[in-house]
Amino acid sequence: MPRDNKTPLIQKIAKQAYTTFNGLNSSSGGENKVVADKMSELISLVTAVRAADLKIAPRKTKPSSGAGELQSPPVTYMHICETDVFSMGVFLLRTGASIPLHDHPGMNGMLKVLYGKVSVRCFDKLEDKVNGSPVPPEFDPPLAPLQMGSVWRSVLRSDTEYSETSGPCLLTPVRDNLHQIDAVEGPAAFLDILAPPYNPDDGRDCHYYKVLQTVADKGKDAKSNPEQQGEKEKDQTWLLEVPQPEDFWCGGEPYPGPAVSV
């Protein structure tokens, strides 16, 4: 009897992610063209995915229900699959929810909105910690001396909104590696691919950051015309590594879509 062997899109994405990032981790100069072609194919597949492909229905905005609302996590995660090469799942953000500024040490990634809209602010670290700067800046409010060892110079690379019709947001170990994700105008969900996965034993642990303001920056904001500042000067900033914010935590829920095997 004839059988329908059509492969679900999410299965195609998983297999392509494995071959792409496995090749990326082991590539040398002569293989760059092959790796680029694999990455292009992965981006094409991820761009096409929609919530319906994963059997996920867009959540509706719910009115606040008081104390019960406070007990539910602002963000939940649906685990799809994980190998030693990559992990894949779906993050669901409630209305007004935010995934705080965090990093992905030594990792590549893709974020593809499935429904709703998110704002993504991406940063890069520019150098070692503030101790490597000849003259440490004066921050407002001031930092404790012990905190100065956890301050990094950085640059804001982009501040972009993504919807389900947008292509994926990409990050590499050195570009757009730190980012903050905010739900815009209602709940949102996005497919998340990280390669390789987080693994504290291999130095790939998640760290959280806070954007700092310097006394000099505060003065510029009060009396300067932004158009008179150079782009590089406007985008440079300082980040403080902080513990996971108390108002952020991530719950879990079952993934309802097609089974994935790699």
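You'll find the protein entered in an unreviewed UniProt entry as 2-aminoethanethiol (cysteamine) dioxygenase a, with Amphiprion percula given as the organism.

The secondary structure content of the protein amounts to 5 helices and 12 strands. Residues counted as buried form 42% of the 262 residues belonging to the protein. Taking all contacts inside the protein whose residues are at least 6 apart in sequence as the whole, residues at least 24 apart take part in 83%. Roughly 14400 Å² of accessible area belongs to the protein as shown, and the carbon and sulfur atoms make up 51% of that amount.

Below, the discussion takes up the pairing of strand 2 (residues 87-93). Within strand 2, 7 of the 7 residues are buried, which leaves the element mostly enclosed by the surrounding structure. On strand 2, burial covers both faces: S87, G89, F91 and L93 on one face and M88, V90 and L92 on the other are all buried. Bridge count for strand 1 (residues 75-82) against strand 2 is 7 bridges, and the pairing is antiparallel. Within strand 2, the residue paired with M78 across the bridge is V90. The turn linking strand 1 back onto strand 2 is made up of 4 residues.

Between D140 and the following residue, P141, the backbone shows a cis peptide bond with an omega angle of 5°. For P141, the location among the structural elements is in the loop between strand 5 (117-129) and strand 6 (151-163). The backbone phi angle of K55 is positive, close to 60°, even though this residue is not glycine. The residue K55 is located in the loop between helix 2 (32-48) and helix 3 (67-71) in this model.

Taking strand neighbours across the sheet as the criterion, the 6 strands line up as 7-4-9-2-1-12 in an open arrangement whose pairing is mixed. Two strands lie at the open edges of the sheet, namely strand 7 (169-171) and strand 12 (250-252), each paired on one side alone. Each neighbouring strand pair of the sheet contributes to a mean axis angle of 25°, computed without reference to strand direction. Sheet strands touched by helix 2: strand 4 (108-115), strand 7 and strand 9 (188-195). Its angle to strand 4, the strand with the most contacts, is close to 20°.

The subject of this paragraph is the nonpolar core. In this structure, I13, F86, M88, V90 and L191 are the most contacted members of the largest nonpolar core, which totals 30 residues. Elements supplying a minimum of two residues to this core: helix 1 (9-26), helix 2, strand 1, strand 2, strand 4 and strand 9. Among residues more than four places away in sequence, those in contact with V90 are L54, I56, T76, Y77, M78, I80, L114, A189, F190 and L191. Core analysis: the next-biggest nonpolar cluster, separate from the first, contains 18 residues, A97, V113, V120 and Y162 among them.

Where strand 1 meets strand 12, 3 bridges bridge the pair, whose relative direction is parallel. Considered in strand 12, the bridge of V75 is made with C250.

Applying the stated rule across the entire model yields 6 salt bridges. Notably, a salt bridge pairs R157 with D124, separated by 2.7 Å at the nearest N-O pair. Linking R157 in strand 6 with D124 in strand 5, this pair joins segments that are 33 residues apart in sequence. Looking at R157, the relative accessible area reads 37%, which means it is partly exposed. Taking the relative accessible area as the measure of exposure, D124 reaches 3% and is therefore buried. Ionic contacts of the salt-bridge type, sharing partners, join the residues K117, E161 and E185 into one network.

Its location among the elements puts K112 in strand 4. E164 provides the closest opposite charge to the buried, salt-bridge-free K112, at an N-O distance of 6.8 Å. A polar atom in the side chain of K112 sits 2.8 Å from the backbone oxygen of E164. Not counting chain neighbours up to four residues away, the residues in contact with K112 comprise V46, T47, V49, R50, S163, E164, S166, G167, P168, A189, F190 and L191.

Cut-offs and rules
- Residues numbered from 1 in each chain as written.
- Predicted model: local features only at pLDDT ≥ 70, side-chain atom pairs only at ≥ 80, totals over all residues.
- Heavy atoms only, no water.
- Helix = DSSP H or I, 4+ residues; strand = E, 2+ residues; numbered from the N terminus.
- Buried < 20%, exposed > 50% of the residue type's maximum accessible area, 1.4 Å probe, protein only.
- Contact = heavy atoms within 4.5 Å.
- Areas by Shrake-Rupley, 256 points an atom, 1.4 Å probe, with all protein chains shown as cover.
- Pairing = 2+ DSSP bridges.
- Axes fitted to C-alpha atoms, helices over the stretch in contact; angles between N-to-C directions.
- Core = buried A, V, L, I, M, F, W, Y, C linked by side-chain atoms within 4.5 Å.
- Salt bridge = Lys/Arg side-chain N within 4 Å of Asp/Glu carboxyl O.
- Lys, Arg positive; Asp, Glu negative; His and termini not counted.
- Polar contact = N/O pair within 3.5 Å; in protein donor to acceptor, adjacent residues only side chain to side chain.

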